[in-house]
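This is what each chain is made of:
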Amino acid sequence: MKFMKLGSRPDTFYTTEAVRSVSTEVSSDLIIQIKGYRYLLHKFPLFSKCLRLQRLCSESSNSSPQQLIQLPDFPGGVEAFEICAKFCYGITITLSSFNIVSARCAAEYLQMTEEVEKGNLICKLDCFLNYCILRGWKDSLLTLQSTRSLPLWSEELGITSRCIDAIALKTQAHPSRLNWLHSTSRGRDDASLCNGTESQRHRTASKGWWAEDIAELGIDLYWRTVVAIKAGGRIPAYLIGEALKIYASRWLPNICKDVNGNKHSGNDQGSEATSDITSKHRLILESIVSLLPMEKGSVSCGFLLKLLKAGDILGASYSSKIELARRVGLQLEEANVSDLLIPSLSYTNETAYDVDIVLSILEQFMQGQSPPTSPPRAKTSFEKRRRSRSAEHIDYEFQESRRSSSASHSSKLKVAKLVDEYLQQIARDANLALSKVIALAEAIPDFARIDHDDLYRAIDIYLKSHPELSKSERKKLCRVLDCKKLSMEACMHAAQNDLLPLRVVVQVLFFEHARAAVAGGQVTDLPSNIKALFVNHGDDTSRIQQQLGSKGTGPADDEWSTASGLKSPKSKLSTLRMKLAEEDNDIDDNGHVRTSKLKGVFSIPSRPKRMLSKLWPSNRSASERH
């Protein structure tokens, strides 16, 4: 840390109660009153350097031997005034990054300029600030932090902006070229940092060595500092993202726990203090959101979702939450299910998790995925002969766009898996509306779900947790399920699931046995309408055999992934017979009676026994048929 000493005389100031005096042989003829303190001083040494005191004294009508001057708005208080007064008396004063801001503001207030006397205090302080303080890393940070006590004066004198510019410039330099002296980082011992070289070596090895130090700044100064660093254009976006993550962990610790504990506290004694803390945290979070780099991947998706969760708790602005949802949507494939479980704190919404914000994220994800690029037109022979480097560059960009399109497709596959797992987590919520479950399931395009096992598991959990659902509501929910994309284990479970509509059970039985027949070679040719169904959904014999040979990997808590304890589908004949009459005349959502679509699509006879006999393989024994 840099120091500057001015003056050579010993300190002769002494205190008697609330009065400060100078020990001299000459009696005082000037009284300065500042915030309850009185200074018994002398006109000559003060007036020779302080133009403001000269003017105040000349404007005063007091003719007493000791003239009184009151300075109620003196910047920096009595400590800053004593620095200026001792300088006038020639008493030794020590200046550093801790007191230079208050001393500079006090000297400006007293108008201690070069016009009054050459080599006055303002000139000396400016030289020390520009050529010593702002050349050191820690001194610049400490000086910037001290401007918080006098923000208006510091802004007017340009101290704040000069400190910020100096800090931003140093972040772009190699750390080995900087003068560290001490570190302001948390959790480090100043003595060891001052005497040893391990800390400096550790800092040198880290590209974001400055992030922890500037994290000690208040949010207003931090925001301006990061803006200045980004304006320099030499710091990579991912380092800016790491710095923001460090700052968030420093100033927003356990925010979810703290605010949730006070959510229903009411108007108790601590409610006002809690409101102030919440407002402060909200300002910090919104400022961090505004500082996020525009580049995709500069911050992790998990960090963005934590900010979104904190923003939901703190009541952040709509624009901040939408921006976070947009950023999460751009890299949603990196998210985990636990990150998406954002608590719902709205008093109008009784669900445990905020499903609406997840729907917004999915919408942003789908909007952010670029459509496949159309192939380039064929080149003529003349264009081939005149092929230039620019043309090769265009082809290269086309190949890159093809790669990005395939990456977008793979992202949708990952997000589909993520959404199905998310549905399984929230399906147990008794207050979760059916419309939101359907909206989440339909937000994923059909091609992105290679199989529907996870989606079926989510539907099964929802049906068990919501036994009050009507018949039409259960049908509406199951319309999002594609039975042809269920594995063998899922089909065996669905065939015995009493919660599913009978239409779904019949579909499961039909497609599973049809695929098994084709895969086993028991049926060489299928009716044209069934072939069309397989073709429309991209099924072939090799894919069916692969599905039949694969083993289920579903969770074991519901035990639908294992075949143990499951009866053969034909054991449900009696149940199907009882329920089929109910399905013969299907009732839609508007209450109109309509003919079951299963009959029209699959040409199934009206009698249950004859219908189910067509579902079994054709080479069964006579005993099996009856």
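See the structure printed just above.
Right, let's walk through the structure included here. Quick caveat, the model's predicted, so the values are computed rather than measured.

Counting its secondary structure elements, the protein chain contains 32 helices and 9 strands. Sorting the 626 residues of the protein chain into buried and exposed places 46% on the buried side. Sequence separation of 24 or more characterises 73% of the internal contacts of the protein chain that already satisfy a separation of 6 or more. For the protein chain, the exposed area adds up to about 32300 Å²; of that, 51% sits on carbon and sulfur atoms.

In this section: the sheet that holds strand 5 (residues 37–41). Ordered in space as 2-3-5-4-6, the 5 strands form an open sheet in which the pairing is mixed. Pairing within the sheet leaves two strands with one partner each, and these edge strands are strand 2 (13–16) and strand 6 (67–70). Averaged over neighbouring strand pairs, the angle between their axes works out to 25° when direction is ignored. Strands in contact with helix 3 (residues 77–89) are strand 2, strand 3 (19–22), strand 4 (30–34) and strand 5; relative to strand 5, the strand with the most contacts, it is inclined by about 5°.

What the rule picks out here adds up to 17 salt bridges. The residue D420 makes a salt bridge to R449 at a minimum N-O spacing of 2.9 Å. Note that D420 is positioned in helix 21 (residues 389–426) and R449 in the loop between helix 22 (434–442) and helix 23 (453–465), a separation of 29 residues in sequence. For D420, a relative accessible area of 3% puts it in the buried group. The exposure class assigned to R449 is buried, which follows from its relative accessible area of 6%. A network of salt bridges, in which partner residues are shared, links D11, R20, E82 and K86.

Turning our eyes to something else, we now look at the packing of helix 8 (residues 159–171) against helix 12 (residues 219–232). The contact between helix 8 and helix 12 brings their axes to 9 Å, and the two run at 50°. Overall, the two elements helix 8 and helix 12 adopt an arrangement that is oblique. Both helix 8 and helix 12 take part in a crossing whose hand is right-handed. Counted together, T160, S161, I164, I167, A168 and T171 of helix 8 and L221, R224, T225, A228 and I229 of helix 12 form the full contact between these two elements.

This part covers helix 13 (residues 237–251). Under the 1.5 Å per step criterion, the end-to-end length of helix 13 is 21 Å for 15 residues, consistent within 8% with the ideal 21 Å. Taken together, the buried positions of helix 13 are A237, L239, I240, G241, A243, L244, Y247, A248 and W251.

Let us now look at the nonpolar core. One finds I32, M112, W210, I214, Y222 and L332 to be the most contacted residues of the largest nonpolar core, which totals 149 residues. In terms of residue count, the dominant contributor to this core is helix 3 (9 residues). Setting aside residues up to four positions removed in sequence, L332 forms contacts with C301, L340, I361, L362, F365, V415 and L418.

Turning next to the pairing of strand 3. With 4 bridges joining them, strand 2 and strand 3 adopt antiparallel strand pairing. Opposite T15, over in strand 3, you have R20 as the bridge partner. In this antiparallel pair of consecutive strands, strand 2 and strand 3, the connection spans 2 residues, and E17 shows a positive phi of 55°. Note that strand 3 and strand 5 share 3 bridges and pair parallel. Across the sheet, the residue bridging to S21 is L40, located in strand 5.

Now for the environment of R104. Along the chain, R104 falls in helix 4 (residues 100–110). In this structure, the C-alpha to C-alpha distance between R104 and C123, residues 19 residues apart in sequence, is 9.6 Å. Aside from chain neighbours lying at most four places away, what touches R104 is I122, L125, D126, L157 and I159.

Mapping K49 onto the fold places it in the loop between helix 1 (43–47) and helix 2 (51–59). Since its relative accessible area comes to 13%, K49 is described here as buried. One polar contact links K49 to E117, side chain to side chain, over a distance of 3.2 Å. Residues within four places of K49 in sequence aside, it is in contact with F87, C88, Q111, M112, V116, E117 and N120.

Basis of the calculations
- Residues numbered from 1 in each chain as written.
- Predicted model: local features only at pLDDT ≥ 70, side-chain atom pairs only at ≥ 80, totals over all residues.
- Heavy atoms only, no water.
- Helix = DSSP H or I, 4+ residues; strand = E, 2+ residues; numbered from the N terminus.
- Buried < 20%, exposed > 50% of the residue type's maximum accessible area, 1.4 Å probe, protein only.
- Contact = heavy atoms within 4.5 Å.
- Areas by Shrake-Rupley, 256 points an atom, 1.4 Å probe, with all protein chains shown as cover.
- Pairing = 2+ DSSP bridges.
- Axes fitted to C-alpha atoms, helices over the stretch in contact; angles between N-to-C directions.
- Salt bridge = Lys/Arg side-chain N within 4 Å of Asp/Glu carboxyl O.
- Parallel < 35°, antiparallel > 145°, perpendicular 65-115°, else oblique.
- Left-handed = near helix turned anticlockwise from the far one by under 90°.
- Expected span 1.5 Å × (residues − 1).
- Core = buried A, V, L, I, M, F, W, Y, C linked by side-chain atoms within 4.5 Å.
- Polar contact = N/O pair within 3.5 Å; in protein donor to acceptor, adjacent residues only side chain to side chain.

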